[in-house]
Amino acid sequence: QVQLQESGGGLVEPGGSLRLSCAASGSSASIQAMGWYRQAPGKERELVARIRTGGRDILYGDSVKGRFTISRNNAYNRVYLQMNALKIEDTAVYYCWAPTTWGTVWGQGTQVTVSS
């Protein structure tokens, strides 16, 4: 069973930066991709970014293009999200996501709050 653990969330001022990290444990060899989704109060969960194995297939949500960067480690058991130029509307719970050969796995989420 694959488990995902997010870290790096917190409170940041508008225009600031945060770096999220997601660590996969268990049968990480079964992971086919990793990424980040987020959900703000009153909104649907939306794609932030995702990356396929090999790191050559990357997809960003329109609202974060040019500001956020997704990356992974060589072992493909850790994914990062560098968030720059943060806006108040980026405030949300950010969830790590990983499709595996046995199904999709979600992390518990980490809160990101952008406020002055």
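Structural notes, computed from the coordinates. Just so you know, these numbers come straight off a predicted model, no measurement behind them.

**With respect to the state of the cysteines**
Reasoning step 1: Tallied over the full model, the rule gives one disulfide.
Reasoning step 2: A disulfide bridge connects C22 with C96, and the sulfur atoms are separated by 2.0 Å. Linking C22 and C96, the disulfide has an S-S dihedral of approximately -90° and is accordingly described as left-handed. Taken as a pair, C22 in strand 3 (residues 18–25) and C96 in strand 9 (residues 92–100) lie far apart in primary sequence, 74 residues in all. C96 shares its class with C22; the two are buried.

**Considering the pattern of salt bridges**
Reasoning step 1: Evaluated as defined, the whole model comprises four salt bridges.
Reasoning step 2: The salt bridge involving E46 is made with R38; its shortest N-O contact spans 2.7 Å.

Basis of the calculations
- Residues numbered from 1 in each chain as written.
- Predicted model: local features only at pLDDT ≥ 70, side-chain atom pairs only at ≥ 80, totals over all residues.
- Heavy atoms only, no water.
- Disulfide = S-S within 2.5 Å.
- Helix = DSSP H or I, 4+ residues; strand = E, 2+ residues; numbered from the N terminus.
- Buried < 20%, exposed > 50% of the residue type's maximum accessible area, 1.4 Å probe, protein only.
- Salt bridge = Lys/Arg side-chain N within 4 Å of Asp/Glu carboxyl O.

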